Amino acid sequence: MNPPKINPAVLRLLVIFPNVLSYILLFGIIVFIATNYAALREAEALLTWGIIACVLAPMAIYTTYSIVKRIRAGVL
């Protein structure tokens, strides 16, 4: 039995939309850190938020690279 085919446009949307959300989240975290820098430093939470931003940034960039590579290869 053949699995149902997903329209390529819908498949791209399902793959790209979470990636866009990850960039919005990264931007929000950076703005949060910038606006609350003194309070985060005082509460000793600056390192935690910095690590979160430093982990999320390469993940978002790698995911974008992977999506572009798959689109160019014709998989997406």
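Structural data are supplied above this passage.
Because the structure is a prediction, the values reported are computed rather than measured.

## Structural notes on the side chain of Ser22
And then number 1: Looking at where Ser22 falls in the secondary structure, it is placed in helix H1 (residues 8-35).
And then number 2: Taking the relative accessible area as the measure of exposure, Ser22 reaches 15% and is therefore buried.
And then number 3: Setting aside anything within four residues of it in sequence, one finds Ser22 in contact with Leu56 and Ala60.

## Describing the nonpolar core
And then number 1: By size, the foremost hydrophobic cluster in this structure holds seven residues: Leu26, Ile29, Ile33, Leu40, Ala45, Ala53 and Leu56.
And then number 2: Looking at this core, the elements with two or more residues in it are H1 and helix H3 (46-73).
And then number 3: The element that contributes the greatest number of residues to this core is H1, accounting for three residues.
And then number 4: Every residue in contact with Leu26, bar those within four places of it in the chain, is listed here: Ala53, Leu56 and Ala57.

Cut-offs applied
Residues numbered from 1 in each chain as written. Predicted model: local features only at pLDDT ≥ 70, side-chain atom pairs only at ≥ 80, totals over all residues. Heavy atoms only, no water. Helix = DSSP H or I, 4+ residues; strand = E, 2+ residues; numbered from the N terminus. Buried < 20%, exposed > 50% of the residue type's maximum accessible area, 1.4 Å probe, protein only. Contact = heavy atoms within 4.5 Å. Core = buried A, V, L, I, M, F, W, Y, C linked by side-chain atoms within 4.5 Å.

Treat this as a map of the structure, not an account of what it does.
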